[in-house]
Amino acid sequence: MTLDVGVIGVGMIGQEHIRRLDGGTGGSRVVAVADADTDRAAAVAGGLPTAKALPSGEDLIAWDAVDAVVVTSWGPTHEPYVLAAVAAGKPVFCEKPLAITQEACGRIVDAEVAAGRRLVQVGFNRRYDPAHRALKQALDGGAIGAPLLVHCAHRNASSPPHYTRDMSIADTAIHEIDELRWLLGQEIAAVQVLTPRRSSRGGKLQDPLLVLFEMADGVLVDVEVSVNIHYGYEIRCEISGETGTVELADPAPVTIRRDGAAAGLVPADWRERFALSYDIELREWADTAAAGRQPLGPGAWDGFIAQVVSDAALQSLHAGGRVAIALPDRPDLYAGPAGP
Ligand SMILES: NC(=O)c1ccc[n+]([C@@H]2O[C@H](COP(=O)([O-])OP(=O)(O)OC[C@H]3O[C@@H](n4cnc5c(N)ncnc54)[C@H](O)[C@@H]3O)[C@@H](O)[C@H]2O)c1
């Protein structure tokens, strides 16, 4: 069966996802798009063989021809679209963050629990990145014994003009929050955000940040978040265990040696670094939705927990100090393996 998809928010990642979902090998096509910028929606629809631009996201969700919904608008707009898709009984893939407060994410969880069916998948694409999967496989296979410490870095070349200090946590480090839960199979028990000397190249932002996480089993994690690093886009993760270490390899496919130096190219941005992860993520989501099965990837509960941790990190950023995290009980609907 071909899955007919509607996409709400057709900016950067919306267009990336459309490219993968429309007529790809996964048996899906895009039949509708909507964007607050209606000219942009019309232009994107005009470039697709079967898509119509609809006046609003609500119209798109309500349209019978749409089997499943992708939400790639700005974070603060996600909640009403995801709730409407759940109410309509349609599978919905929502880019991270699921919503911008834990209360809003909680309302989505409550709606799904009331519907008695998992319909929501959140765009935590690291879980689909072959390098991150290899890291997890090595760890789970006992290659380095019990993990003790994790060192991560999330470095963006630059940040857009609307980017705020809080977005370093809520929009950027939220990827590490989900990654750590998935990689280590543990919840995050506490967080502290430290503010080192400020980069003169970060504009008005407090950049970089150092985020320290305490996992429930005592593993300690440090994450450098730099959003104006200039040299490129780089994601690092090294796990130190009882019998060895395992780390993400340099993603450069080749090394160039010349003029007395050896160099590998650094990806320009997330589109280049994580292209394969989006391919795998959307293919699996579309196949699962087309088969009428519940999503296999990170769901509303994962989006909610990530937001609880993000809110705690923001509390530390604003007021200083270590913030302990108390999680509510997980509803039975979300029992079972978390993510791929
Ligand atoms: N998983 C990832 O690696 C990843 C990477 C980039 C962005 N994202 C997430 O994807 C989302 C979009 O990011 P982007 O970089 O594509 O942003 P963008 O600004 O390029 O595009 C967002 C689009 O949403 C539209 N929009 C805004 N409000 C709307 C509304 N109420 N209804 C419909 N459309 C609306 C805007 O007009 C714009 O076209 C964000 O939540 C972001 O955090 C995830």
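For the structure, check the block above.
**A word on the state of the cysteines**
Item 1. Throughout the structure, instances matching the rule amount to zero disulfides.
Item 2. Between Cys-94, a cysteine without a disulfide, and Cys-105, which holds the nearest cysteine sulfur, the sulfur-to-sulfur distance is 8.6 Å.
Item 3. No disulfide involves Cys-237; its nearest neighbouring cysteine sulfur is the one of Cys-152, lying 3.9 Å away.
Item 4. We classify Cys-237 as buried; its relative accessible area is 3%.

**A closer look at helix H5 (residues 102-115)**
Item 1. Between its terminal C-alpha atoms H5 stretches 20 Å, which fits the 20 Å expected from 14 residues at 1.5 Å a residue.
Item 2. Of the positions making up H5, those classed as buried are Ala-104, Cys-105, Gly-106, Ile-108, Val-109 and Glu-112.
Item 3. Here the buried face of H5 lies against helix H4 (78-87), strand E6 (120-122) and helix H10 (300-319).
Item 4. Positive backbone phi, at 75°, marks Gly-116, one or two positions downstream of H5.

**Examining the packing of helix H7 (residues 167-184) against H10**
Item 1. Following both chains from N to C, one finds H7 and H10 inclined at 125°, their axes separated by 9 Å at the closest point. Relative to H10, H7 is oriented oblique. In this structure, H7 meets H10 at a crossing whose hand is right-handed. Between H7 and H10, the contacting residues are Ile-169, Ala-170, Ile-174, Ile-177, Asp-178 and Arg-181 on the first element and Asp-302, Ile-305, Ala-306, Gln-307, Val-309, Ser-310, Ala-313, Leu-314 and Leu-317 on the second.
Item 2. Residues belonging to the contact of H7 with H10 are distributed by class as follows: 10 nonpolar, two polar and three charged.

**Observations concerning the sheet that holds strand E12 (residues 245-247)**
Item 1. Sheet architecture is open: seven strands sit in the order E12-E11-E7-E10-E9-E8-E15, paired in mixed fashion. The sheet is open, and its two edges are formed by E12 and strand E15 (322-324), each paired on a single side. Between one strand axis and the next, the sheet turns through 15° on average, direction left out of account.
Item 2. Two elements, strand E8 (residues 188-194) and E15, share three bridges in a ladder whose sense is antiparallel. Paired with Val-191 across the bridge in E15 is Val-323.
Item 3. Along the sheet, H7 makes contact with strand E7 (147-155), E8, strand E9 (209-215), strand E10 (220-226) and strand E11 (234-241), crossing E7 at roughly 150°.
Item 4. Strands E8, E9 and E15 of the sheet are contacted by H10, whose axis makes an angle of about 35° with E8.

**Comments concerning the packing of aromatic side chains**
Item 1. On inspection of all chains with the given rule, the structure shows five aromatic pairs.
Item 2. The interplanar angle of 85° and the centroid separation of 6.2 Å between the aromatic rings of Trp-270 and Tyr-278 together place this pair among those described as edge-to-face.
Item 3. Judged by relative accessible area, which is 22%, Trp-270 ranks as partly exposed.
Item 4. Given a relative accessible area of 4%, Tyr-278 falls into the buried group.
Item 5. Among the aromatic residues, those joined into a cluster by ring pairs are Trp-301, Phe-304 and Tyr-334.
Item 6. Its end group placed over the ring of Trp-182, Lys-136 keeps NZ or CZ at 5.7 Å from the ring centre.
Item 7. A cation over an aromatic ring shows up here: Arg-273 above the ring of Phe-274, its NZ or CZ 4.4 Å from the ring centre.

**Observations concerning the packing of H4 against H5**
Item 1. It is the contact of H4 with H5, at a shortest axis distance of 10 Å, that shows an interaxial angle of 0°. Classified by the angle their axes make, H4 and H5 are roughly parallel. Where H4 abuts H5, its residues Glu-79, Val-82, Leu-83 and Val-86 lie against Ala-104, Arg-107, Ile-108, Ala-111, Glu-112 and Ala-115.

**Looking at the pairing of strand E14 (residues 261-264)**
A regular strand places its side chains on the two faces of the sheet in alternate fashion.
Item 1. Inspection of the sheet shows strand E13 (residues 255-258) paired to E14 by four bridges, in the antiparallel sense. Its bridge partner being in E14, Thr-255 is matched across the sheet by Gly-264.
Item 2. Counted between consecutive antiparallel strands, the loop separating E13 from E14 contains two residues, among which Asp-259 sits at a positive phi close to 50°.

Conventions we followed
Residues numbered from 1 in each chain as written. Predicted model: local features only at pLDDT ≥ 70, side-chain atom pairs only at ≥ 80, totals over all residues. Heavy atoms only, no water. Disulfide = S-S within 2.5 Å. Buried < 20%, exposed > 50% of the residue type's maximum accessible area, 1.4 Å probe, protein only. Helix = DSSP H or I, 4+ residues; strand = E, 2+ residues; numbered from the N terminus. Expected span 1.5 Å × (residues − 1). Contact = heavy atoms within 4.5 Å. Axes fitted to C-alpha atoms, helices over the stretch in contact; angles between N-to-C directions. Parallel < 35°, antiparallel > 145°, perpendicular 65-115°, else oblique. Left-handed = near helix turned anticlockwise from the far one by under 90°. Nonpolar A, V, L, I, M, F, W, Y, C, P; charged D, E, K, R; others polar. Pairing = 2+ DSSP bridges. Phe/Tyr/Trp six-rings, centres within 6.5 Å; stacked < 30°, edge-to-face > 60°. Lys NZ or Arg CZ within 6 Å of the ring centre and 35° of its normal.

Keep in mind these values describe shape, not function.
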